[in-house]
Amino acid sequence: MRIYTAIISSLLLIFTACTTSKSVVSKNVDLSKYEYVSVLNNATYHIPAELMEYEIQLFDAIEESKLKLVSDMKIYGLSPQQQSKLLLVKYGVSIQPEETIVTVSFIDYETGRPVVSCRGAYSTLGVAGASTDIRGAIKRVSEQIANTFGKS
């Protein structure tokens, strides 16, 4: 029984290590110019209801960067200079049996151009359950955001 547990633990560690978390940054962008971020939240873009509890963790991940969070309803109250330093955020969650991926995309407000994509991936191969995988993927995407934009 101990050998079986050791083998399963080793395989789980190997597969978890294979999941890739990364950030892709546009080569033509200066990230240091950005100061503000707003998470898109409208009728056409929302997280599925069963994942709502994880939305809090996504907001926390974004706030842990040096960027200041601005409500999407307050964007028009920003000055033109502030709007030029604003990124919009879209995020997605993909849950598969082999891994869970959380992707957070940052889009330049003025141009609509995606400038950064952070990806957090995590897997326990279904052993620990979907909620563990989601939490792990959010933790990893948080690390990618902090590494990309710096901590506050």
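Rules used throughout
- Residues numbered from 1 in each chain as written.
- Predicted model: local features only at pLDDT ≥ 70, side-chain atom pairs only at ≥ 80, totals over all residues.
- Heavy atoms only, no water.
- Helix = DSSP H or I, 4+ residues; strand = E, 2+ residues; numbered from the N terminus.
- Contact = heavy atoms within 4.5 Å.
- Salt bridge = Lys/Arg side-chain N within 4 Å of Asp/Glu carboxyl O.
- Buried < 20%, exposed > 50% of the residue type's maximum accessible area, 1.4 Å probe, protein only.
- Pairing = 2+ DSSP bridges.
- Core = buried A, V, L, I, M, F, W, Y, C linked by side-chain atoms within 4.5 Å.
- pLDDT = per-residue confidence, 0-100.

Visitor: I tried to follow the environment of Phe-59 on my own but got confused; where do I start?
Guide: Residue position: Phe-59 is located in helix α2 (residues 52-63). For Phe-59 and Val-39, which are 20 residues apart along the polypeptide, the C-alpha to C-alpha distance reads 8.1 Å. If we ignore the near neighbours within four places in the chain, the residues touching Phe-59 are Val-39, Leu-69 and Tyr-91.

Visitor: What exactly am I supposed to notice about the pattern of salt bridges here?
Guide: Close approach of charged atoms allows side chains with opposite charge to pair. The full count for this structure, using the stated rule, is five salt bridges. One salt bridge connects Lys-33 with Asp-108, and the closest N-O pair in it is separated by 3.9 Å. Of the two residues, Lys-33 sits in the loop between β1 (22-25) and β2 (36-39) while Asp-108 sits in strand β5 (residues 100-108), which places them 75 residues apart along the sequence. For Lys-33, a relative accessible area of 35% gives the class partly exposed. For the salt bridge of Lys-68 with Glu-35, the shortest nitrogen-to-oxygen distance reads 4.0 Å. Placement of Lys-68 in strand β3 (residues 68-69) and of Glu-35 in the loop between β1 and β2 is noted, with a sequence separation of 33 residues between them.

Visitor: Even after reading the chapter, I still don't get the sheet that holds β1, so can you show me in this structure?
Guide: Strand pairs in the sheet, formed through backbone hydrogen bonds, run parallel or antiparallel to each other. Ordered by their spatial adjacency, six strands build an open sheet running β1-β6-β5-β4-β2-β3, and the pairing between neighbours is mixed. Either end of the sheet is taken by a strand with one partner, and the two such strands are β1 and β3. The sheet contact formed by strand β4 (residues 86-95) and β5 spans nine bridges and is antiparallel. Bridge pairing in β5 places Ser-94 opposite Ile-101.

Visitor: Any chance you could explain the nonpolar core here in plain terms?
Guide: Here is a general trend for soluble globular proteins: nonpolar side chains tend to be buried in one another's company. Counting residues in hydrophobic clusters, the biggest one holds 24 residues, and the most contacted among them are Leu-87, Val-89, Val-104, Phe-106, Ile-145 and Phe-149. Broken down by secondary-structure element, the contributors of at least two residues to this core are β2, α2, β4, β5, β6 (114-122) and α4 (130-149). A total of six residues in this core trace back to one element, the largest contributor, which is α4. Once residues within four sequence positions are removed from consideration, Leu-87 is found in contact with Tyr-34, Tyr-36, Val-37, Ser-38, Leu-67, Phe-106, Ile-107, Asp-108, Val-115 and Phe-149. Judged by nonpolar contacts, the second largest core, of seven residues, contains Val-70, Leu-86, Leu-88 and Ile-107.

Visitor: Help me understand the environment of Glu-63, please; the structure alone is not making it clear to me.
Guide: Among the secondary structure elements, Glu-63 is positioned in helix α2. A C-alpha to C-alpha distance of 9.6 Å links Glu-63 and Ile-145, two positions 82 residues apart in sequence.

Visitor: Would you explain the confidence of the model for the protein in this entry?
Guide: Per-residue confidence for the protein gives a mean pLDDT of 80; residues scoring 70 or more make up 75%. Of all helices and strands in the protein, the one with the weakest mean pLDDT is helix α1 (residues 2-18) (48), whereas helix α3 (residues 80-83) scores best (96). Contacts of residues 6-17 to residues separated by more than four positions or lying in other chains number six contacts, the stretch itself having pLDDT below 50.

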